[in-house]
Structure formats: C-alpha cells, structure tokens
Amino acid sequence: MWCASQSTLCLFSGDPTASDSSRSYQLWLGLMLALLSAVLIGGSVILKKKALLRLARNGHIRAGDGGHSYLKDWMWWGGLLTMGAGEACNFAAYMFAPATLVTPLGALSILISAVLSSYLLGELLNLLGKLGCLLSVLGSILLVIHAPQEQEVTSLQDMAIKLLEPGFLVYMGLVLVLCLILILYFCPRFGRSNILVYVGVCSLLGAFTVSSVKGLAIAMDTVFQDVSVLTNPLTWILLFTLIISIVTQVNYLNKSLDTFSTLLVYPVYYVFFTSVVLSTSIILFQEWSSMSAVDVVSTLGAFLVIMVGVAMLHLFRDLQVTWKQLTNQLSQPLEREGLREEILDKYGLMDNMVVESLPPMRDEGPRVFIIS
C-alpha cells in the first residue's frame, strides 16, 4: 500500500522526498498583492462603466441590447487591462498568503468600486453604504491580524498528497455531484425564479478554482528553480481544471446577472463563494491546523463582519438614508412625548378650573343629579 501511494505521488513529483512543509508564508507580500488586486479590480469597474455610459450618451447601441461598440473604446480596454492586472496580482497573492486571507479580501474591490462610483460617477453612497464600507474594512483588518502563518502546501508533491487524501476526494465528489444536479435539474426548472440556483453553481465551482489556482501558484513559484514542473502532469491537470471551472462560472454568473438584480447577486455570490473557499481551505490545505482557537473564531467573525458590510453596501444601495434624516427620526419620539405631556397638563388644568368654578356641595340634605 505504501509503495503504491509513493508511485502515485512520484507521477506528480520528480522527487518524492523534495517536500518542505515548514516554510512560513510571506504574509505581508501576499497581503500587498491582494490589496493591489482589489484596487485594480475596483478601479477597472469604474473605467468600464464610464466607457459604457459615454457610448450610451453618444447614441451607440447599449451592451445589454447586443451592442459591441465598446470594443472600439480605449477607456473600456483600459478597464479590461486593469482588471487583468488585478487578477494577475490576485493569482500571485496565493503564492505568498493563505487562501483564507486572499479570497475574503476580494470584498475590498466591491468597496473600492462603490466609493469611486460615488465620486467619479455621481452615484449616491448613502449612510448604510458608508457603514457597510466601514464594517468591511474592520473585518479585513481582523482577518489580517488572525490569518494563519504556517504554510502547509509548498510544493507540487505536497499538493499531490493533499489532493489524494480520502477526505478531500469525498468532499470534491460531493461538490461535483451537487453541481451536476443544479446544472441538469434545477437550472432548467428554477434558474429564473430562484437566485440560489445559478449562484450555487458558481459558488460550488469555487472549490475547483481555488485549489487549481493554489497549485498553479506553487508551480509558478518553483518554475525558476526547477523547470521540470512544466512537464509535471499535475500542472496541466490543474490548468485544465481551472479553465473549465472559470468558463463555467462566468457563464452562470452572467445568467444570474441577466436574470436578477446586481444588488442581490453580488452579496449572495460573495457569501456563498467565500464560504466554499473557506471550506475547501480547511479540508485541502489544512491552513487552520496550526491556528489557535482564538484565531479560528476571530477569522470566522471577521468573515461574518465583511459579509454584513457587503450586504449593507449592496442591498440598501437605493435606500435614501442620510445622517440628518436619521437624527431627525430619532428625535421625533422625544418631541411626541413632550407634546403628549403638554396636552395632559392642559387638560389637567382645564379640569381643575371646572372643579373650582362649581359651587361647593352641601354636606347635608338630599343630592339631586340630573341626567340629560
């Protein structure tokens, strides 16, 4: 059994002894790459949006109506190239930081695009949106502070060992079965009426995406020391899996955006996708095995804070709420209470005046009451 396992691993790694699991992450480098990725991706959304709005003002057919005039616009291409650079930085961040840190920080691109759109596109960012931005920043800070430090997967041999573990194989098998059930049964029947169907497919495929990206990042990190990783079958298996998963994700994400409101799609997609990535990280990379209980709880709490911030930023985007309106609303009960006391005092004074104006009643003699 041990020899068979070694033979399988040798297929994916030239030297079965070339494993080093004691190396630590270069956390700050990975963090800077993840933040740069968020800035570039968030800015790319603004560039493409400005290009599309300008083309619409000039009378060109809108992209939603089948127009492709944006392909001739330099600003749109600038946004596309900026997004490509952001995705490249995000890809590189997996070389130096754990998936539990890199993936949730992707929420900052949503925050940056929302803030920039309020200044550059004239879109309103209400009070709840600003509070959502603040929560996302606070959650990201907590995530950075409590991120795992020990690197569990440092070579393609380590990756092969993790991929062949029975627990991960069962997990990926269940994910694949759920994806097929959603695609073949639920999408044709309930895809246009339930937002969780299309988003569920995209989110579940995140398990294949993040594992492939992590493996390819390791291959790119070691290719300069060992060119033989390019001939390793695992490298090409991971690349093929990544391409298939990304193409399928983009397809069903576009269907979701075409069917449902963007204000609902992005927060729901972020929550489910990040949850799947965190689950995959726990099962495959075991990055949490070296973390204390406080760090684990803090990381989960940071993710929940970011989730609430993203939801507030998107779900209440069209709600016109300002700080002045909120303070006025809070002061209204006090004004009503003061008015009520004033009315009670007024009626109490009137009752006293009526009682005092009546003649005193005699203690003796019959009392006559007239009912009219």
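Residues numbered from 1 in each chain as written. Predicted model: local features only at pLDDT ≥ 70, side-chain atom pairs only at ≥ 80, totals over all residues. Heavy atoms only, no water.

- If you look the protein chain up in an unreviewed UniProt entry, it shows as NIPA like domain containing 4 from Amphiprion percula.
- Here the protein chain is described in UniProt, under the heading Sequence similarities (unreviewed entry), as follows: "Belongs to the NIPA family."
- Its UniProt record gives the protein chain a comment under Subcellular location (unreviewed entry), which states: "Membrane". (UniProt positions renumbered as here; feature names shortened; annotations may be inferred.)

## A short note on the overall build of the protein chain
Here is step 1: When its secondary structure is counted, the protein chain shows 14 helices and zero strands.
Here is step 2: Along the protein chain, helices (α) and strands (β) appear in the sequence α-α-α-α-α-α-α-α-α-α-α-α-α-α when read from the amino end.
Here is step 3: Classification of the 372 residues of the protein chain by burial places 41% in the buried group.
Here is step 4: Within the protein chain, counting contacts between residues at least 6 apart in sequence, those at least 24 apart form 82% of the total. (Helix = DSSP H or I, 4+ residues; strand = E, 2+ residues; numbered from the N terminus. Buried < 20%, exposed > 50% of the residue type's maximum accessible area, 1.4 Å probe, protein only. Contact = heavy atoms within 4.5 Å.)

## Digging into the nonpolar core
Here is step 1: Tyr 94, Leu 101, Leu 163, Tyr 171, Val 175, Leu 234 and Tyr 270 are the most contacted members of the largest nonpolar core, which totals 77 residues.
Here is step 2: Of the residues forming this core, the biggest block, 10 residues, is contributed by helix H12 (residues 262-285).
Here is step 3: Not counting residues up to four positions away in its chain, the partners in contact with Val 175 are Leu 204, Ala 207 and Phe 208. (Core = buried A, V, L, I, M, F, W, Y, C linked by side-chain atoms within 4.5 Å.)

## Here's the deal with the state of the cysteines
A covalent bond bridging the sulfur atoms of two cysteines is what the word disulfide describes.
Here is step 1: Applying the stated criterion across every chain, the model contains zero disulfides.
Here is step 2: For Cys 202, which is in no disulfide, the shortest distance to another cysteine sulfur is to Cys 187 and amounts to 8.9 Å.
Here is step 3: Residue classification places Cys 202 among the buried positions, given a relative accessible area of 1%. (Disulfide = S-S within 2.5 Å.)

## Let's talk about the packing of aromatic side chains
Aromatic ring pairs are defined here through the distance separating the ring centres and the angle between the ring planes.
Here is step 1: In total, this model carries four aromatic pairs according to the counting rule given.
Here is step 2: Between the aromatic rings of Phe 168 and Tyr 171, the centroid separation amounts to 6.4 Å while the plane-to-plane angle is 40°, which identifies the pairing as tilted. Of this pair, Phe 168 and Tyr 171 both sit in helix H8 (residues 166-190), separated by three residues, roughly a single helical turn. The two residues Phe 168 and Tyr 171 agree in class, both being buried. (Phe/Tyr/Trp six-rings, centres within 6.5 Å; stacked < 30°, edge-to-face > 60°.)

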